[in-house]
Amino acid sequence: MAHEHDKHPPKVFLMVICGLVAFTLISVAAVQLTGSGHVSDWQSRSTEVLELRFEDAADGSVLALDAATGETIREWPPATGGFVRTAMRALALDRKQAGVGEMPAFRLHRISGGRFIMEDPATGKWVGLDAFGRDNVGEFAQLFDDKAAQQ
């Protein structure tokens, strides 16, 4: 028993798919060109800011320093603080590529709603730390408590 199947999809289906693709491309282009619909106004919702410098100690520790006083806020011994090490090295690489030295402070922002953002004013780049999970962002969030405990 042989029967025949229509191997061509309906033209209406193809037109709908093409329309969706065109709409998507136009929407993405509009957001990229105008910035509307793109959430980047996190600075106005910043509730607390720490100005920090990060240094590698001779023993392999990573130090978070108060940028104004130079006091150590927190130390991650070797083999700890993996997320902090990775995040800060990525930002340091951006600085190196931009020809910026180590001295300008980074800014750690606590945003209303419990989010955290690490900003590098020297390069204009910032990282939304919440995207990397609660435990990872907790490493940076703890800096606010450590700084408050020193005062």
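Our subject is the structure that appears above.
Residues numbered from 1 in each chain as written. Predicted model: local features only at pLDDT ≥ 70, side-chain atom pairs only at ≥ 80, totals over all residues. Heavy atoms only, no water.

## With respect to the pairing of strand S6 (residues 125-128)
So, point 1. With 4 bridges joining them, strand S5 (residues 115-120) and S6 adopt antiparallel strand pairing. Across the sheet, residue Ile 117 finds its bridge partner in S6, namely Gly 128. (Pairing = 2+ DSSP bridges. Helix = DSSP H or I, 4+ residues; strand = E, 2+ residues; numbered from the N terminus.)

## Details of a nonpolar patch on the surface
So, point 1. Together, Val 12, Phe 13, Leu 14, Val 16, Ile 17, Leu 20, Val 21 and Leu 25 make up an exposed nonpolar region whose accessible area comes to about 760 Å².
So, point 2. Along the chain, the position of Leu 14 falls in helix H1 (residues 11-34).
So, point 3. Taking relative accessible area as the criterion, Leu 14 reaches 42% and is therefore assigned partly exposed. (Patch = residues over 30% accessible without salt bridge, like charges linked within 9 Å, V, L, I, M, F, W, Y side chains within 5 Å. Areas by Shrake-Rupley, 256 points an atom, 1.4 Å probe, with all protein chains shown as cover. Salt bridge = Lys/Arg side-chain N within 4 Å of Asp/Glu carboxyl O. Buried < 20%, exposed > 50% of the residue type's maximum accessible area, 1.4 Å probe, protein only.)

## Observations regarding the side chain of Arg 95
So, point 1. Along the polypeptide, Arg 95 turns up in helix H2 (residues 82-98).
So, point 2. What makes Arg 95 buried here is its relative accessible area of 3%.
So, point 3. The residues touching Arg 95, leaving out its near neighbours within four places in the chain, are Val 100, Gly 101, Glu 102, Pro 104, Ala 105, Phe 106, Asp 120, Ala 122 and Thr 123. (Contact = heavy atoms within 4.5 Å.)

## Points about the environment of Gly 113
So, point 1. With respect to the secondary-structure elements, Gly 113 resides in the loop between strand S4 (106-111) and S5.
So, point 2. The class of Gly 113 is exposed, set by a relative accessible area of 81%.
So, point 3. Note: C-alpha distance between Gly 113 and Arg 45 (68 residues apart in sequence) is 8.9 Å.

## A closer look at helix H3 (residues 134-150)
So, point 1. Compared with the 24 Å implied by 1.5 Å per residue over 17 residues, the 24 Å span of H3 between its first and last C-alpha is a close match.
So, point 2. Three or more residues of H3 are buried, namely Val 137, Phe 140, Ala 141, Leu 143, Phe 144, Asp 146 and Lys 147.
So, point 3. Elements in contact with the buried residues of H3: strand S1 (46-56), strand S2 (62-66), strand S3 (72-76), H2, S4 and S5. (Expected span 1.5 Å × (residues − 1).)

## Examining the pattern of salt bridges
So, point 1. Counted by the stated rule, this structure contains 11 salt bridges.
So, point 2. A salt bridge links Asp 66 to Lys 147; the shortest N-O distance between them is 2.3 Å. Taken as a pair, Asp 66 in strand S2 and Lys 147 in helix H3 lie far apart in primary sequence, 81 residues in all.
So, point 3. Linking Lys 125 and Asp 94 is a salt bridge whose minimum nitrogen-to-oxygen distance equals 3.9 Å. Taken together, the residues Lys 125 in strand S6 and Asp 94 in helix H2 connect sequence positions 31 residues apart.
So, point 4. Owing to a relative accessible area of 42%, Lys 125 belongs among the partly exposed residues under this scheme.
So, point 5. When salt bridges with common partners are traced through the structure, they connect Glu 51, Arg 107 and Glu 119 into a single cluster.

## Structural notes on the nonpolar core
So, point 1. Counting 22 residues, the largest nonpolar core has Phe 54, Leu 108, Met 118, Phe 140 and Leu 143 as the members making the most contacts within it.
So, point 2. Elements with a contribution of two residues or more to this core: S1, S2, S3, H2, S4, S5 and H3.
So, point 3. With residues near it in sequence (within four places) discarded, Leu 108 still touches Glu 48, Val 49, Leu 50, Leu 52, Ile 117, Met 118, Leu 129, Phe 140, Leu 143 and Phe 144. (Core = buried A, V, L, I, M, F, W, Y, C linked by side-chain atoms within 4.5 Å.)

## Focus on the sheet that holds S3
So, point 1. With respect to topology, 6 strands assemble into an open sheet ordered S3-S2-S1-S4-S5-S6, the strand pairing being antiparallel. Sheet topology places S3 and S6 at the edges, where each strand pairs with a single neighbour. With direction set aside, neighbouring strand axes in the sheet form an average angle of 25°.
So, point 2. Relative to S5, H2 is tilted by about 30°, and along the sheet it contacts S1, S2, S3, S4, S5 and S6.
So, point 3. Along the sheet, H3 makes contact with S1, S2, S3, S4 and S5, crossing S3 at roughly 140°. (Axes fitted to C-alpha atoms, helices over the stretch in contact; angles between N-to-C directions.)

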